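# Observations on chain architecture
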Protein chains: 2
Amino acid sequence: MGILAVIGSFETVSLPTNRRRVRYVIGVDGGGTGTRARLTRLDGEALGYAQAGPSALGQGVEQAWRNVSQAIEHSFRDATVDDWDPGECAIGLGLAGAIVASHSRDFLHAASRYAHVALASDGFTTLLGAHKGKPGAIVIAGTGSIGEALLPNGTHVFIGGWGYPIGDEGSGAWLGMYAMRRTQQAVDGRVSAGALVRAVQSVAGNTRDELLAWCERAGQHAYATLAPLVFDVETADTYAAELLNAAARSIDDIAVALDADGTLPLVVSGSIGQRLEPRLTPRVRARLVEPAGDAIDGALRLIRERLRGDGIVS
Amino acid sequence: MGILAVIGSFETVSLPTNRRRVRYVIGVDGGGTGTRARLTRLDGEALGYAQAGPSALGQGVEQAWRNVSQAIEHSFRDATVDDWDPGECAIGLGLAGAIVASHSRDFLHAASRYAHVALASDGFTTLLGAHKGKPGAIVIAGTGSIGEALLPNGTHVFIGGWGYPIGDEGSGAWLGMYAMRRTQQAVDGRVSAGALVRAVQSVAGNTRDELLAWCERAGQHAYATLAPLVFDVETADTYAAELLNAAARSIDDIAVALDADGTLPLVVSGSIGQRLEPRLTPRVRARLVEPAGDAIDGALRLIRERLRGDGIVS
């Protein structure tokens, strides 16, 4: 049994590898809402695909492990392969929260029945997928935001991704927090209420008590649910348009910090990032490319590189 | 037994009052760090004073009630009065969190052994104390921030006070959150590190992992502990000075929204508010007065007004 881990997408740990024959390579992409697994043969041919519940490590390593296992098992069922054994499987995983070293260690411990395991953050596998493992940069802005780059010298850089409530500038939660702050200020008369405030109130409540109760229950995900409202009213509400410009500037800042020379191809992804693309500066837009693949492609690339390093695939 | 409540410092509820003779009037000021009680006679003479643990209702109504009871009991001990009975006591309380109606109801239920109880938020009792119950305005900026005013027509207005992490602009937690955001951005190279970033790192850690771990544990109070660092480096760090100016503008905005005509006397209080006073606009500074009394004075005023309404004091 060999565990090959990219802990926190920074360090690579290689443990002794058994020589048992690997027959299957599986790529897994896991986050706060779901897990997707693609089953492939050693030669790369895709055999099956399945989805399961969330596997963000911050929501609990046991839940993550349960849903990852289920996605893998169901990918075999999808491929109508009944006779398989974890000892024949090498899995590459990009999981939200793998950036926290203690989460990664706990997860790898649970995963030890597989022949080979390589774990990285979902941001890193998205980066690997987007640029086929070659040097490149990516800014992902969904519920949270982070920028990652693989430099020509092999260095892995990342910018942002500090999480709710302080970091993740330009993300959905960040937009939602400012939309709520604006609403609070309008309700008590510090600013005038426009279309954005009315939209937030239609979701979170009109009165001070209703809004306070909503905020008391709300976390990162609840604030991110307000972000689409900002886009909905951007033509009708000056403040909403300014807020989207500020979010785009945050994405710009992350992209520039990832690659000050502006030589790397750049992918902007995530539901918020994609909608902010038209607002990015020409300098950053000039670097934009379409992603070559997704986070599952990246996870497969991650594990195949490790298998190649061990001479298991060529 | 009569409970007289100012729930959420908005509503006044008067329940049937018994005619038993009230001998003692007690003022209580309670927040997230401690509770202070002053025992007075019906004619207003002070007899005793005591302190106890926190009684912010958001930290749990049972804890609040235990500490309020202890502060009251110890104020009798301080006055060397052994022979007393809750049925002879009227208490006025200004407690953090009383703005939430469900908290107030639960607290009042626990307090029902006292003859008379009047409950308001600590902000409202601070306002009553600062201006002797007359029309006036106050902005309090400590861990959180809120502005309250009593208008000449008797209306009670409040602005801000929406709490962590969205509201409470210009407060200690707000300053600390921006100081941490600046530190995150400096650590990953989006901005240059100055004296403020170094000061935050000396408290919260130098590396990405240390800072992430600090932020994962941190809440409103932890962020507020960073605020004094911003003042410490204000002459050495341009960003820190800008941040303090932004905090002062937030206080200005609250003060103006409380009283657009600028006719009411204004008190700025709280550890952060007092330090921001020199940065307020001339327009707002022109309205500043010294507070006539503190939140205990306000709590005593609150309960005495109710007792006067019932003809128990004149």
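Residues numbered from 1 in each chain as written. Chains lettered and ligands numbered in written order. Predicted model: local features only at pLDDT ≥ 70, side-chain atom pairs only at ≥ 80, totals over all residues. Heavy atoms only, no water.

## Quick look at the interface of chain B and chain A
On the side of chain A, 30 residues touch chain B, which itself brings 30 residues to the contact. Overall, the association of chain B and chain A removes approximately 2,900 Å² of surface from exposure, summing both partners, and the carbon and sulfur fraction of that is 56%. Considering only the side of chain B, the residues that lose the most area to chain A are B:Trp162, B:Ile166 and B:Arg208, jointly responsible for 32% of the buried surface there. Viewed at the interface, chain A and chain B are joined by two salt bridges. Among the salt bridges present, the one from A:Arg190 reaches B:Glu169, with a minimum N-O distance of 3.2 Å. Here chain B and chain A share 14 residue pairs in polar contact (both at pLDDT 80 or more) between them. Listing elements by their share of the side of chain B that touches chain A, those giving two or more residues are strand E10 (156-160), helix H4 (172-187), helix H6 (208-217) and helix H9 (238-258) of chain B. For the side of chain B that touches chain A, the leading source of residues is H4(B), giving eight residues. (Contact = heavy atoms within 4.5 Å. Buried area = accessible area lost by both parts, 1.4 Å probe. Salt bridge = Lys/Arg side-chain N within 4 Å of Asp/Glu carboxyl O. Polar contact = N/O pair within 3.5 Å; in protein donor to acceptor, adjacent residues only side chain to side chain. Helix = DSSP H or I, 4+ residues; strand = E, 2+ residues; numbered from the N terminus.)

## Details of the environment of B:Leu39
All names here are of chain B. As for its placement among the helices and strands, Leu 39 is situated in strand E4 (residues 35-41). Residue Leu 39 is classed as buried on the basis of its relative accessible area, which comes to 0%. Sequence separation between Leu 39 and Glu 73 is 34 residues; the distance between their C-alpha atoms is 9.6 Å. Among residues more than four places away in sequence, those in contact with Leu 39 are Tyr 24, Val 25, Ile 26, Glu 45, Ala 46, Leu 47, Gly 48, Ser 75, Phe 76 and Ala 79. (Buried < 20%, exposed > 50% of the residue type's maximum accessible area, 1.4 Å probe, protein only.)

## Remarks on the relation of the copies chain B and chain A
With an axial shift of 0.0 Å and an RMSD of 0.0 Å, the rotation relating chain B to chain A amounts to 180°. Taken together, the turn and the small shift mark the pair as related by a two-fold rotation axis. Rotation axis and chain B: the residue whose C-alpha lies nearest the axis is B:Pro165, separated from it by 3.5 Å. Of the residues that chain B buries at the interface, 100% are likewise interface residues in chain A, meaning the two copies contact each other through the same surface. (Least-squares fit on C-alpha atoms with pLDDT ≥ 70 in both.)

## What to know about the domain arrangement of chain A
Residues and elements named next belong to chain A. Looking at chain A, the domain boundaries give domain 1 (2-131 + 294-309) and domain 2 (134-290). On a C-alpha basis, the centroid separation for the pair domain 1 and domain 2 is 29 Å. If you look at the interface, domain 1 gives twelve residues, while domain 2 gives 17 residues. The interface formed by domain 1 and domain 2 holds zero salt bridges in total. For the pair domain 1 and domain 2, the number of links is three residue pairs in polar contact (both at pLDDT 80 or more). Its residues assigned to classes, the side of domain 1 that touches domain 2 shows six nonpolar, six polar and no charged. (Domains from an automatic or database assignment. Nonpolar A, V, L, I, M, F, W, Y, C, P; charged D, E, K, R; others polar.)

## Brief notes about the sheet that holds strand E9 (residues 145-150) of chain A
Residues and elements named next belong to chain A. Strands sit in the order E10-E9-E8-E11 across an open sheet of four strands; the sheet is mixed. Pairing within the sheet leaves two strands with one partner each, and these edge strands are strand E10 (156-160) and strand E11 (266-269). If you compare each strand with its neighbour and ignore which way they point, the axes differ by 15° on average. One ladder, built from six bridges, connects strand E8 (residues 136-141) with E9; its direction is antiparallel. By the bridge assignment, Ile 140 is partnered in E9 with Ile 146. Against the sheet, helix H9 (residues 238-258) engages E8, E9, E10 and E11, with an angle of about 155° to E8. (Pairing = 2+ DSSP bridges. Axes fitted to C-alpha atoms, helices over the stretch in contact; angles between N-to-C directions.)

## A word on the packing of helix H4 (residues 172-187) of chain A against H4(B)
The contact between H4(A) and H4(B) brings their axes to 17 Å, and the two run at 155°. Here H4(A) is positioned roughly antiparallel relative to H4(B), judged by the angle of their axes. The chirality of how H4(A) crosses H4(B) is left-handed. Residues A:Trp174, A:Tyr178 and A:Arg181 of H4(A) form the contact with H4(B), whose participating residues are B:Trp174, B:Tyr178 and B:Arg181. A class-by-class count of the residues in the contact of H4(A) with H4(B) yields four nonpolar, no polar and two charged. (Parallel < 35°, antiparallel > 145°, perpendicular 65-115°, else oblique. Left-handed = near helix turned anticlockwise from the far one by under 90°.)

## Overview of the environment of A:Val61
Residues and elements named next belong to chain A. Assignment of secondary structure puts Val 61 in helix H1 (residues 61-78). When the C-alpha positions of Val 61 and Val 22 are compared, they lie 26 Å apart, and in sequence the two are 39 residues distant. Ignoring anything within four residues of it in the chain, the contact list for Val 61 reads His 103, Asp 106 and Phe 107.

## Details of unusual backbone geometry
Of note, the bond from A:Tyr164 into A:Pro165 is cis; its omega dihedral lies within 30 degrees of zero at 0°. Locating A:Pro165 in the fold gives a position in the loop between E10 and H4. We note that A:Lys132 has phi near 55°; this positive angle belongs to a residue other than glycine. With respect to the helices, strands and loops of the structure, A:Lys132 is situated in the loop between helix H3 (122-130) and E8. The phi dihedral of B:Thr80 falls on the positive side, at around 50°, and the residue is not glycine. On the secondary structure map, B:Thr80 appears in the loop between helix H1 (61-78) and strand E6 (89-95).

## Regarding H4(B)
A turn of α-helix holds 3.6 residues, and therefore any two residues three or four places apart point the same way. All names here are of chain B. Relative to the 22 Å expected for 16 residues at 1.5 Å per residue, H4 spans 22 Å between its end C-alpha atoms, a close match to the ideal helical length. Taken across its 16 residues, H4 has 15 buried, putting it largely inside the fold. Where H4 terminates, the next one or two residues include Gly 189, which has phi positive at roughly 90°. (Expected span 1.5 Å × (residues − 1).)

## Things to note about the pairing of E10(B)
Two faces make up the sheet, and in a regular strand the side chains alternate between them. All names here are of chain B. For E10, the tally of buried residues reaches four of five residues, placing the bulk of the element in the interior. Bridge count for strand E9 (residues 145-150) against E10 is five bridges, and the pairing is antiparallel. Bridge pairing in E10 links Leu 150 to His 156. The turn joining E9 and E10, which pair antiparallel and follow one another in sequence, is formed by five residues; a positive phi near 90° is taken by Gly 154.

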